[in-house]
Number of protein chains: 2
Amino acid sequence: MTILSFFTRASSRAFNGYPLSPKLLLLSSLSLSGGGVVAYSESQAGVSKTSVQTNEKDRKKKRVVVLGTGWAGISFLKDLDISAYDVQVVSPRNYFAFTPLLPSVTCGTVEARSIVEPVRNMMKKRNGEVRFWEAECMKIDAANKKLLCRYSVENNSVGNDEFSLEYDYLVIAVGAQVNTFNTPGVLENSHFLKEVEDAQKIRRSVINCFEKAVLPGLSEEERRINLHFVIVGGGPTGVEFAAELHDFVKEDLVNLYPMVKDLVKITVIQSGDHILNMFDERISCFAEQKFCRDGINVQTGCRVISLSDKEITMKLKSTGEICSLPRGLVVWSTGVETRPVVKDFMDQIGQCNRRVLATDEWLKVKGCEDVYALGDCATINQRKIMEDIAAIFKAADKDNSGFLTIKEFEDVIDDILVMYPQVKHYLRTKQLRAVTDLLKDSRGNHRDEVDIEGFKLALSHVDTQVKNLPATAQVAAQQGEYLSQCFNRMNQCEYNPEGPRHFKGSGRHQFRPFQYKHFGQFAPLGGEQAAAELPGDWVSMGRSTQWLWYSVYASKQVSWRTRVLVVSDWTRRFIFGRDSSRI
Amino acid sequence: MTILSFFTRASSRAFNGYPLSPKLLLLSSLSLSGGGVVAYSESQAGVSKTSVQTNEKDRKKKRVVVLGTGWAGISFLKDLDISAYDVQVVSPRNYFAFTPLLPSVTCGTVEARSIVEPVRNMMKKRNGEVRFWEAECMKIDAANKKLLCRYSVENNSVGNDEFSLEYDYLVIAVGAQVNTFNTPGVLENSHFLKEVEDAQKIRRSVINCFEKAVLPGLSEEERRINLHFVIVGGGPTGVEFAAELHDFVKEDLVNLYPMVKDLVKITVIQSGDHILNMFDERISCFAEQKFCRDGINVQTGCRVISLSDKEITMKLKSTGEICSLPRGLVVWSTGVETRPVVKDFMDQIGQCNRRVLATDEWLKVKGCEDVYALGDCATINQRKIMEDIAAIFKAADKDNSGFLTIKEFEDVIDDILVMYPQVKHYLRTKQLRAVTDLLKDSRGNHRDEVDIEGFKLALSHVDTQVKNLPATAQVAAQQGEYLSQCFNRMNQCEYNPEGPRHFKGSGRHQFRPFQYKHFGQFAPLGGEQAAAELPGDWVSMGRSTQWLWYSVYASKQVSWRTRVLVVSDWTRRFIFGRDSSRI
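Residues numbered from 1 in each chain as written. Chains lettered and ligands numbered in written order. Predicted model: local features only at pLDDT ≥ 70, side-chain atom pairs only at ≥ 80, totals over all residues. Heavy atoms only, no water.

Caption draft 1: Fine view of the overall build of chain A. A tally of helices and strands in chain A yields 19 helices and 26 strands. Residue burial in chain A is summarised as follows: out of 583 residues, 58% are buried. Restricting the contact set of chain A to residue pairs at least 6 apart, pairs at least 24 apart contribute 65%. Split by element, the accessible area of chain A, about 24500 Å² in all, is 50% carbon and sulfur. (Helix = DSSP H or I, 4+ residues; strand = E, 2+ residues; numbered from the N terminus. Buried < 20%, exposed > 50% of the residue type's maximum accessible area, 1.4 Å probe, protein only. Contact = heavy atoms within 4.5 Å. Areas by Shrake-Rupley, 256 points an atom, 1.4 Å probe, with all protein chains shown as cover.)

Caption draft 2: Here's a closer look at the pairing of strand E25 (residues 529-534) of chain A. All names here are of chain A. The buried count for E25 comes to five of six residues, which makes it a mostly enclosed element. Judged from the five bridges that link them, strand E24 (residues 521-526) and E25 form a sheet pairing that is antiparallel. In the sheet register, Pro524 faces E25, and the bridge partner there is Ala530. The antiparallel pairing of E24 with E25 creates a hairpin that spans two residues between the two strands, and Gly527 there sits at a positive phi of about 60 degrees. Where E25 and strand E26 (residues 538-542) come together, five bridges link them in antiparallel fashion. Bridging from a neighbouring strand, Leu534 pairs with Trp538 of E26. (Pairing = 2+ DSSP bridges.)

Caption draft 3: Here's a closer look at the confidence of the model for chain A. Summary statistics for chain A give a mean pLDDT of 87 and a share of 90% for residues scoring 70 or more. Low pLDDT, under 50, characterises residues 1-53 of chain A; the predicted model gives this stretch 124 contacts beyond four residues in sequence or across chains. (pLDDT = per-residue confidence, 0-100.)

Caption draft 4: Geometry of the packing of helix H3 (residues 71-79) of chain B against helix H16 (residues 473-488) of chain B. All names here are of chain B. For the pair H3 and H16, interaxial distance at closest approach is 7 Å and the crossing angle is 35 degrees. You can see that H3 and H16 cross each other, and the crossing is right-handed. On the side of H3, the interface is formed by Trp71, Ala72, Ser75, Phe76 and Asp79, while H16 contributes Ala473, Ala476, Ala477, Gly480, Glu481, Leu483, Ser484, Gln485, Phe487 and Asn488. Residue classes in the contact of H3 with H16 are distributed as eight nonpolar, five polar and two charged. (Axes fitted to C-alpha atoms, helices over the stretch in contact; angles between N-to-C directions. Left-handed = near helix turned anticlockwise from the far one by under 90°. Nonpolar A, V, L, I, M, F, W, Y, C, P; charged D, E, K, R; others polar.)

Caption draft 5: How the structure looks around the relation of the copies chain A and chain B. For the pair chain A and chain B, the relating rotation is 180 degrees, the translation along its axis is 0.0 Å, and the fit reaches an RMSD of 0.1 Å. What we have between these two chains is a two-fold relation. Minimal C-alpha distance to the rotation axis in chain A is attained by Ser568 of chain A, lying at 4.6 Å. Both copies present the same face, since 97% of the interface residues in chain A are matched by interface residues at the equivalent positions in chain B. (Least-squares fit on C-alpha atoms with pLDDT ≥ 70 in both.)

Caption draft 6: Representation of H3 of chain B within the structure. Residues and elements named next belong to chain B. Among the nine residues in H3, eight count as buried, and that is most of the element. Within H3 the residues assigned to the buried category are Trp71, Ala72, Gly73, Ile74, Ser75, Phe76, Leu77 and Lys78. On the buried face of H3, the contacting elements are strand E1 (62-67), strand E2 (85-91), strand E3 (95-97), helix H5 (119-124), strand E9 (169-172) and H16.

Caption draft 7: Spotlight on the interface of chain A and chain B. With 87 residues of chain A in contact, the opposing surface of chain B contributes 84 residues. In total, about 7900 Å² of surface goes out of reach between chain A and chain B, with carbon and sulfur atoms giving 56% of it. Three residues, Arg113, Phe576 and Ile583 of chain A, lead the burial of chain A against chain B; their summed loss comes to 11% of the area buried on that side. Our enumeration of links across chain A and chain B arrives at 32 residue pairs in polar contact (both at pLDDT 80 or more). (Buried area = accessible area lost by both parts, 1.4 Å probe. Polar contact = N/O pair within 3.5 Å; in protein donor to acceptor, adjacent residues only side chain to side chain.)

Caption draft 8: Fine view of helix H7 (residues 196-213) of chain B. With 18 residues, H7 of chain B extends 26 Å between its outermost C-alpha atoms, agreeing within 8% with the 26 Å of an ideal straight helix rising 1.5 Å per residue. Burial within H7 of chain B is extensive, with 14 of its 18 residues counted as buried. (Expected span 1.5 Å × (residues − 1).)

Caption draft 9: Local environment of the state of the cysteines. Per the counting criterion, the structure on display carries zero disulfides over all chains. Left without a disulfide partner, Cys137 of chain A is nearest to the cysteine sulfur of Cys149 of chain A, which lies 4.8 Å away. (Disulfide = S-S within 2.5 Å.)

Caption draft 10: Structural view of the sheet that holds strand E11 (residues 228-232) of chain B. Residue and element names in this part refer to chain B. Taken in spatial order, the four strands line up as E13-E12-E11-E17 in an open sheet, and their pairing is parallel. Two strands bound the open sheet, and with one partner strand each, they are strand E13 (297-299) and strand E17 (330-332). Taking each pair of neighbouring strands and ignoring which way they run, the sheet shows an average axis angle of 15 degrees. Where E11 meets E17, three bridges bridge the pair, whose relative direction is parallel. Residue Ile231 lies in a different strand from E17, and its bridge partner there is Val331.

Caption draft 11: Region of interest: the sheet that holds strand E6 (residues 136-141) of chain B. Residues and elements named next belong to chain B. Pairing is antiparallel across the open sheet formed by three strands, whose spatial order is E6-E7-E8. The sheet terminates laterally at E6 and strand E8 (162-166), the two strands that pair on one side only. Across this sheet, the average inter-strand angle for adjacent strands is 25 degrees, counted without regard to direction.

Caption draft 12: Unusual backbone geometry, seen in detail. Residue and element names in this part refer to chain A. Unlike most non-glycine residues, Asn400 shows phi in positive territory, near 50 degrees. Along the polypeptide, Asn400 turns up in the loop between helix H12 (389-396) and strand E22 (403-405). A relative accessible area of 62% means that Asn400 is categorised as exposed. Non-glycine residue Gln431 carries a positive phi angle of around 55 degrees. Looking at the element boundaries, Gln431 is found in the loop between helix H14 (422-429) and strand E23 (449-451).

If you want it as structure tokens, here you go:
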């Protein structure tokens, strides 16, 4: 591929002609797990001419506006049949960023530019028109189906910065913002690790800490303070940053700043009892032991209560004791909260009491027509089986006998499993092999039929297994892919609904509800070691897992360009080390 | 080399041991021209432990403080025998930047990080101790041989930001700053192209201009204004930026922003009659024709008199007419002026009436002991031959006859040529083959001897050929190299002076004066075309020259790391085009 397109570009330059248009079919190699975005063709083919006014032809098409170009937005756009809709995208960033590699950017293991791909680049390769606006959505007017957007870069440019857009369908994929839990001083005195710019800023600041610490005229104590790196939050991002920083210091910086190499200290502050506590216990334990060997200080059971320009103040959860630590650089990585524009939208649609925007199982926002929300900005409000239990019983009890036979139950099992994923989790937790095992009596004996009370009792604990999906790239990408499939088959499924049956009414749902498939999760721990939770409760740790990490992350890149860049960055780091220039 | 050090790093990681120390001798391949900095070994060998206090041993060594890590400073440090001196370096940037590639960074042809090399990286590979402070020199106290320095990054760090340094020898290589000629509005409303950060900012701004221009709700006129890129200054930097920008737009951006591709306009404003007027006329002409074909608007004979946030106002030199142009992005690239710290220093040493710091032919600052200045921050005040003419005559006229014979003149010719480089320029201009031809009479006949008046007459026009050296990387690098040779042979040459004889006194000068060798200059013009002025008044233009440019610039990189990165950036651009993400 690269060879051919090299010649394409080279020849188009050499003969001053127009680019040739080879149509190349690219298949992402090494597609180990799902939920990713496959590679786009790098050819110059299919350059679409988007016009600013809506075309006559497009006016008949439904207008879809997508807010955001993160994992959810981009994976929605990737598979959407754009010939069927008039698609507009609004995002303050004109690129997609491969966020799982952000911690690597903080220390220069990977360059910022290697993990981003321009949205326009991804869109121009489609046979259709997607219009992109680099702007921020300031207000969603759900009643009038309108958006107010603003170009938010200070740029000395002429022309109105604000404009409004109308939509028929709105897809909200704006992600979330860092949650400071209103801790005083955090906004002013700490770094976040959410955007590409954050990672670049951290990188410069780490170098600055070292440059300041070696200056003449500082006491050893002052040098120590400047070189005390504090990470608040022991989740995957915080832990990976701590590991990256440790590697950067040990492998590169100690050689350049040998006079302060013994003064560096890295502290991870975690409010829970263990770091990486969303992972399997074996992984938490492995990570803590690895950090202990590396000299990374892990403070668990601590909640940060304030941050000044010199100190970080914490409360020990167990004793209530309050202590302060002098600190250098602080990175705050404790979780996310809803963005103001979404909060305002929630107020409009009667979700003002909720913390996060709620959608149904089809990713449609509750209390609002034609608005979908996916990724970190929303959660699926999974319906409880106990709320529908009477309707399920009634629908299943075909002969209206008042009793449900095993046969009758088996008829509705598929629909139940699709509508209530908690049933599956419950079966796994209880180690039941078949759904009909639920109907066994308290002594474990098979029953031929149950009445409504028996049915309720049998399913009474199932809803304890309702789980919110984690705020990860994997979930967002799968949701985007799912929603684009729904949009592509909108007409088709209106007449031939493919979803499970309505227990409360008649007929079937238009679509199957969204189902998340967990393909596992990585936690890189530095020193070429990583831990991974793989499907089927497998846990893998050590050096080979790091290589698995390399191959999976290389394969999941959104374009061949970023794939080549990321792999060459890794190679460069291996050969030359990381760059310590403060730029 | 790369393979070996790859294994070195790999094995040091694999066995968790310490890096092996291969001593590798590297020779910069393709060293087509001089004045460059050769590659450093990438091995981990020779990690120096610098201590913050001056060592007992070092106290006997003379303290050399170098201000600046640009071409002059770094090439001085590269060759300096650091075992003989206690060397300290002060610079606000902890890296060396390969400035000739800055215009390429503005459009992403080359990444910013590919053209920088950390100073500490370059220094740790030396067998000795160089202490580096990332700080800005705020004041030079020449009387007390002291410097006041300040760590100038806003970083929330603890400890005093100011410190003072004492020196025995001071080497000023701080470069110069952009000269706005006090034009109103320039500082607030334009971009410069002097530092790496400037180039990164321009890159983001170019993308912003396009993103703004395609937003809904702008009139076509507003789109046009936002896409009007104005470059003030038709020197090599301005012209190269215009060419890079044109390529970026034509090769990459028109595909991504097709709806505004016909609205883009690039204007170069030059106060002289031609762009690139420091080059040979054929090159100026070639460049202007190339720009004309490319649709780049060249306005010569125009002086910018003010810059507002919307308009640029110019005065036509020929007619005095004043006109204004609405503009988008403005890049100001018109020349340099002295930095405030140097200006203040000049006031102290009695150079307050000069525009630029003056040094003698040995790069020693005039009016001050033990201070040297090189690169863009100083000029050599070349002594005139007519000022010394009587002394020269007296020294040459060994028999005190009052007449100078050809034989006597030949005895001093070598010393004259070394001390007064203008003689050589004069001979070349007048197409004289031998120096003795100067003594011919007005009809071109040989004379056997001349008296003092005849001698004065013969040399009376020589001083018209005194030239200030241009503010280029080539000059700075050669000066740094020259000065380091002087420092290395300081003791040796005190007893065995190697310079030309003193015409006014007795004995010889300690060193030969600095002599600049011009190895030619490039002007890349975009579209894989370049022009070059080569030694011996050769001029080369076109596609092959661009390839010569590629090979020379690759060979001149200061490290193998940057060489690999720059070449791979060029390759990446060739295959994938330039990245248009706004980061």
